[in-house]
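What the coordinates show
Here is how the chains run, residue by residue.
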Amino acid sequence: MSGKLGHVSQWWSALLALDRAGGIIAGAARLERFDAVVFLAVCAMYCAYGVSMGMPRGILPAVVSGLKLPFLYAFTLLVCFPPFYVLNHLLGPRVSGRGCLRLLLFATSANAVAIFSYAPVSYFFTMTTSSEAMSGYRFLVVMHVVVFAVAGVLSLIVIQVLFRATAHQLGRPLRPMFLAVFGGVYAFVGTQMSWVLRPWIGSWAVDYQPLRPIEGSFIESIVRLTGI
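Just so you know, these numbers come straight off a predicted model, no measurement behind them.

What counts, and at which threshold
Residues numbered from 1 in each chain as written. Predicted model: local features only at pLDDT ≥ 70, side-chain atom pairs only at ≥ 80, totals over all residues. Heavy atoms only, no water. Helix = DSSP H or I, 4+ residues; strand = E, 2+ residues; numbered from the N terminus. Buried < 20%, exposed > 50% of the residue type's maximum accessible area, 1.4 Å probe, protein only. Polar contact = N/O pair within 3.5 Å; in protein donor to acceptor, adjacent residues only side chain to side chain. Contact = heavy atoms within 4.5 Å. Core = buried A, V, L, I, M, F, W, Y, C linked by side-chain atoms within 4.5 Å. Axes fitted to C-alpha atoms, helices over the stretch in contact; angles between N-to-C directions. Parallel < 35°, antiparallel > 145°, perpendicular 65-115°, else oblique. Left-handed = near helix turned anticlockwise from the far one by under 90°. Salt bridge = Lys/Arg side-chain N within 4 Å of Asp/Glu carboxyl O. Nonpolar A, V, L, I, M, F, W, Y, C, P; charged D, E, K, R; others polar. Expected span 1.5 Å × (residues − 1).

Let's shift gears to the side chain of T129. When you line up the elements, T129 lands in the loop between helix 6 (119-128) and helix 7 (134-170). Of the residues examined, T129 reaches a relative accessible area of 19% and is grouped as buried. Separated by 2.7 Å, the side chain of T129 and the backbone oxygen of F125 make a polar contact.

Okay, structure coming up:
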């Protein structure tokens with residue numbers, strides 16, 4: 001237990017001082033169980049927020065959304081890792097595979113912390129907003145989209161800071177184009193994956209299903225929902 005707490009403490013201190021995280025990534029040290037402990041902590045934070053998303057429809061939807069949210073980010077990280085690794089070698093500081101994975105894990109953990117910090121507010125609005133009314137349902141959807149968008153921008157900023165710190169540690173150049181291209185790939189994969197795993201809240205207009213057939217896209221749904 002003390003070892004796990006030590007890894008959590010090391011991760012948190014590195015997250016607060018990203019230049020220290022850059023040293024961990026540049027060295028790509030085989031810290032025993034460090035990555036696994038951080039990954040589990042990230043999953044727990046996502047799960048805590050995901051439960052609030054499904055609460056309006058009952059206990060089962062809350063549990064399902066709580067389990068789907070960690071999977072969403074884990075799968076997005078898995079899909080984005082190959083292009084991230086290749087772009088890192090073409091346009092970035094050529095960090096090792098383990099270093100790239102740890103960098104993405106650090107960035108995802110920053111995203112998880114941002115989302116988890118908003119969880120009390122999410123629970124408050126979930127319990128005080130009637131999602132049976134279409135206006136209440138729309139409000140909850142837009143609220144969650146804004147939270148994820150802000151957290152996503154934060155994680156991209158963290159990736160930029162981490163890569164600059166890592167490149168400085170390695171004494172190698174970093175081209176801004178690399179971060180811009182990866183930011184676009186990460187955003188599109190994440191938003192489309194969130195659409196594939198819907199429903200998160202579940203409209204009262206249809207019977208609840210843990211998953212729905214794949215159709216349309218995330219962008220189309222937001223345009224229809226907001227009437228843009």
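Next comes the rest of the write-up.
For the rest of this paragraph, the subject is the side chain of S155. Among the structural elements, S155 can be located in helix 7. Taking the relative accessible area as the measure of exposure, S155 reaches 1% and is therefore buried. Side-chain polar atoms of S155 contact the backbone oxygen of G152, separated by 2.7 Å. Ignoring any residue separated from it by four or fewer positions in sequence, one finds S155 in contact with A107, N111 and Y186.

Once that is clear, we can look at unusual backbone geometry. Of note, the bond from R198 into P199 is cis; its omega dihedral lies within 30 degrees of zero at 5°. Inspection of the secondary structure assignment puts P199 in the loop between helix 8 (176-196) and helix 9 (218-226).

Attention now goes to the nonpolar core. Counting residues in each nonpolar core, the largest one holds 49 residues, and the members touching the most others are F84, F106, I159 and F163. Residue assignment for this core shows that the elements contributing at least two residues are helix 1 (2-16), helix 2 (18-27), helix 3 (34-54), helix 4 (59-90), helix 5 (97-117), helix 7 and helix 8. Looking at this core, the element that brings in the most residues is helix 5, giving nine residues. The contacts of F163, once residues within four sequence positions are left out, are F84, N88, P93, V95, L103, L174, F178 and L179. With five residues, the next largest nonpolar core counts Y137, L140, V141 and M143 among its residues.

A separate point is the packing of helix 7 against helix 8. Packed helices, taken two at a time, are described by the angle their axes make and the gap between the axes. Where helix 7 meets helix 8, the closest approach of the two axes is 11 Å, and the angle between their N-to-C directions is 150°. Taken together, the axes of helix 7 and helix 8 lie roughly antiparallel to each other. Crossing angle aside, the handedness with which helix 7 passes helix 8 is right-handed. When helix 7 is examined against helix 8, the residues S155, L156, I159, Q160 and F163 are found in contact with a partner set consisting of F178, L179, F182, G183 and Y186.

Below, the discussion takes up the environment of Y118. Structurally, the position occupied by Y118 is in the loop between helix 5 and helix 6. Ignoring any residue separated from it by four or fewer positions in sequence, one finds Y118 in contact with Y49, F125, M143 and V147.

On to the pattern of salt bridges. Applying the stated criterion across every chain yields a total of two salt bridges. Between R98 and D35 there is a salt bridge, with its nearest N and O atoms 3.8 Å apart. Taken together, the positions of R98 in helix 5 and D35 in helix 3 put the pair 63 residues apart, joining distant regions of the chain. For D35, the salt bridge goes to R102, with nearest N and O atoms at 2.9 Å. Highlighted residues: D35 in helix 3 and R102 in helix 5, separated in sequence by 67 residues. Here D35 falls in the partly exposed class, since its relative accessible area comes to 22%. For R102, a relative accessible area of 2% corresponds to the buried category. Here the salt bridges do not stand alone but share partners, grouping D35, R98 and R102 into one network.

Attention now goes to the packing of helix 6 against helix 7. Following both chains from N to C, one finds helix 6 and helix 7 inclined at 170°, their axes separated by 11 Å at the closest point. Taken together, helix 6 and helix 7 sit at an angle that is classed as roughly antiparallel. Each of S122, F125 and T126 in helix 6 lies in contact with helix 7, whose residues at this interface are F139, L140, M143 and H144. Here the contact of helix 6 with helix 7 is composed, by residue class, of four nonpolar, three polar and no charged.

Moving on to helix 8. With 21 residues, helix 8 extends 31 Å between its outermost C-alpha atoms, agreeing within 8% with the 30 Å of an ideal straight helix rising 1.5 Å per residue. Three or more residues of helix 8 are buried, namely F178, L179, F182, G183, Y186, G190, M193, S194 and W195.

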